[in-house]
Amino acid sequence: MLAKSIGDIPKSKITEVLERVTLLDRAKDQYGHYSMGMKQRLGIASTLLRDPELIILDEPTNGLDPAGTKEIRDLIPKLAHESRAVLLCSHLLHEVEMVCDHVAIVKQGIVIANSPIKELLSHGNLLQIRVNDVEKATIILRGISWVKSIKKEDDYLVLDIPSERSAEVNMALVQKGIMVSELVNRTSSLESVFLQLTGGTSGD
C-alpha cells in the first residue's frame, strides 16, 4: 500500500522518503503493526514528500520508548542538514540541548531568549566553590558587582559569574583570609538556564 503513488507524487519519491526514515523494509506492513516510533517516522516521511524548506515537529518523542526516542533524536539533526530548517517544539529540554543548535525560550507568549544554544549555555556558567567560612565568604562576594547571584548548596557556594573571572573570586576571598579548598566551573544545562530566565515558572 505504501509503495504506490500518492496523487502526483511518484513511486520513486515515496521510496526515497521511506528509506530516509529507515522504513523502506517495512513499507508493506500495515500501519496498525507499526510501533509508536515507526508511526512518528512515517509522519515525518509524509512531510518530506513535498521537500519542505521548514519542518515543524511538536513534541515528536512524546509517548515513545527509549529506542523510539533515540530514533527520532538521531533523525532530527540529519533532516536539518539537508538545506532545510527544522523547528522543534518541546518541553524535554535535555533533548533540545542534544539536537538543536539554536534555541528560543518562550514565557507566557513572549520570547525571552533567542540565540545559538552554545551562546545561551555560556551565559549560564556557574562557579562552585568550597570555603572554610561560608557566611563571611557570602558577605564578601555580595560586595562584588559582577557576582550576579550566590546560592548555598550543602557545603558549597554556587556563583553566577562571568566564566573568565573565576581566578578573581579566589583572589578576593584569599585576600580576606578565606580559604578556598575547591573551585570548579559548572557548565549549565539548558534546563538550568531555562529556570534562571523564567524564574522557575512554566514557559506556557
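Right above here is the structure, for reference.
Definitions and limits used
Residues numbered from 1 in each chain as written. Predicted model: local features only at pLDDT ≥ 70, side-chain atom pairs only at ≥ 80, totals over all residues. Heavy atoms only, no water. Axes fitted to C-alpha atoms, helices over the stretch in contact; angles between N-to-C directions. Helix = DSSP H or I, 4+ residues; strand = E, 2+ residues; numbered from the N terminus. Parallel < 35°, antiparallel > 145°, perpendicular 65-115°, else oblique. Left-handed = near helix turned anticlockwise from the far one by under 90°. Contact = heavy atoms within 4.5 Å. Nonpolar A, V, L, I, M, F, W, Y, C, P; charged D, E, K, R; others polar. Salt bridge = Lys/Arg side-chain N within 4 Å of Asp/Glu carboxyl O. Buried < 20%, exposed > 50% of the residue type's maximum accessible area, 1.4 Å probe, protein only. Pairing = 2+ DSSP bridges. Lys, Arg positive; Asp, Glu negative; His and termini not counted. Polar contact = N/O pair within 3.5 Å; in protein donor to acceptor, adjacent residues only side chain to side chain.

(A) Structural view of the packing of helix H1 (residues 11-20) against helix H2 (residues 36-48). Packing of H1 against H2 brings their axes to within 9 Å, and their N-to-C directions diverge by 140°. Compared by their axis directions, H1 and H2 come out oblique. When the axes of H1 and H2 are compared, the crossing they make is right-handed. Across the interface between the two elements, Lys13, Val17, Leu18 and Arg20 of H1 pack against Leu42, Ala45 and Leu48 of H2. Looking at the contact of H1 with H2 residue by residue, the class counts come to 5 nonpolar, no polar and 2 charged.

(B) Fine view of the pattern of salt bridges. Under the definition given, this model contains 11 salt bridges. Ionic pairing is found between Arg41 and Glu71, a salt bridge with its closest N-O pair at 3.0 Å. Residue Arg41 is located in helix H2, and its partner Glu71 is located in helix H3 (residues 66-80); the two are separated by 30 residues in the primary sequence. Among the residues examined, Arg41 registers a relative accessible area of 6% and is labelled buried. By relative accessible area, which is 34% here, Glu71 ends up partly exposed. Ionic pairing is found between Glu82 and Arg84, a salt bridge with its closest N-O pair at 2.6 Å. Taking the relative accessible area as the measure of exposure, Glu82 reaches 30% and is therefore partly exposed. Via salt bridges that share partners, Lys13, Glu16, Arg20, Asp51, Glu82 and Arg84 belong to a single interconnected network.

(C) Expanded view of the sheet that holds strand E5 (residues 126-131). Judged by pairing direction, the sheet is antiparallel, and its 4 strands sit side by side in the order E6-E7-E5-E8 without closing on themselves. A strand with exactly one partner marks an edge of an open sheet, and here the two such strands are strand E6 (149-153) and strand E8 (180-186). On average, each strand axis in the sheet is tilted by 20° relative to the strand beside it, whichever way the strands run. Pairing of E5 with E8 involves 6 bridges; the strand directions are antiparallel. Residue Leu126 lies in a different strand from E8, and its bridge partner there is Arg186.

(D) Highlighting unusual backbone geometry. Even without being glycine, Asp51 reaches a positive phi, approximately 50°. One non-glycine residue, Gln108, lies in positive phi territory at about 50°. Tracing the backbone through its elements, the reader meets Gln108 in the loop between strand E3 (102-107) and strand E4 (110-116). The class for Gln108 is exposed, based on a relative accessible area of 62%.

(E) Seen up close, the side chain of Glu95. With respect to the element layout, Glu95 can be found in helix H4 (residues 93-99). Nearest to the buried, unbridged Glu95 among oppositely charged side chains is Arg73, at 4.2 Å. For Glu95, the contacting residues outside a window of four places in its chain are Thr61, Thr69 and Arg73.

(F) Quick peek at the side chain of Ser166. Here Ser166 lies in helix H7 (residues 166-175). Separated by 3.0 Å, the side chains of Ser166 and Asn185 make a polar contact. Sequence-distant contacts of Ser166, that is, excluding residues within four places in its chain, are made with Leu127, Ile161, Leu183 and Asn185.

(G) Structural context of the packing of H2 against H3. The interhelical angle for the contact between H2 and H3, taken along N-to-C directions, is 20°, at an axis separation of 9 Å. Taken together, H2 and H3 sit at an angle that is classed as roughly parallel. Judged by the sense of rotation from one axis to the other, the crossing of H2 with H3 is right-handed. Residue-level contacts link Gly37, Gln40, Arg41, Ile44 and Leu48 of H2 to Gly68, Glu71, Ile72, Leu75 and Leu79 of H3. Across the contact of H2 with H3, the residue classes tally to 5 nonpolar, 3 polar and 2 charged.

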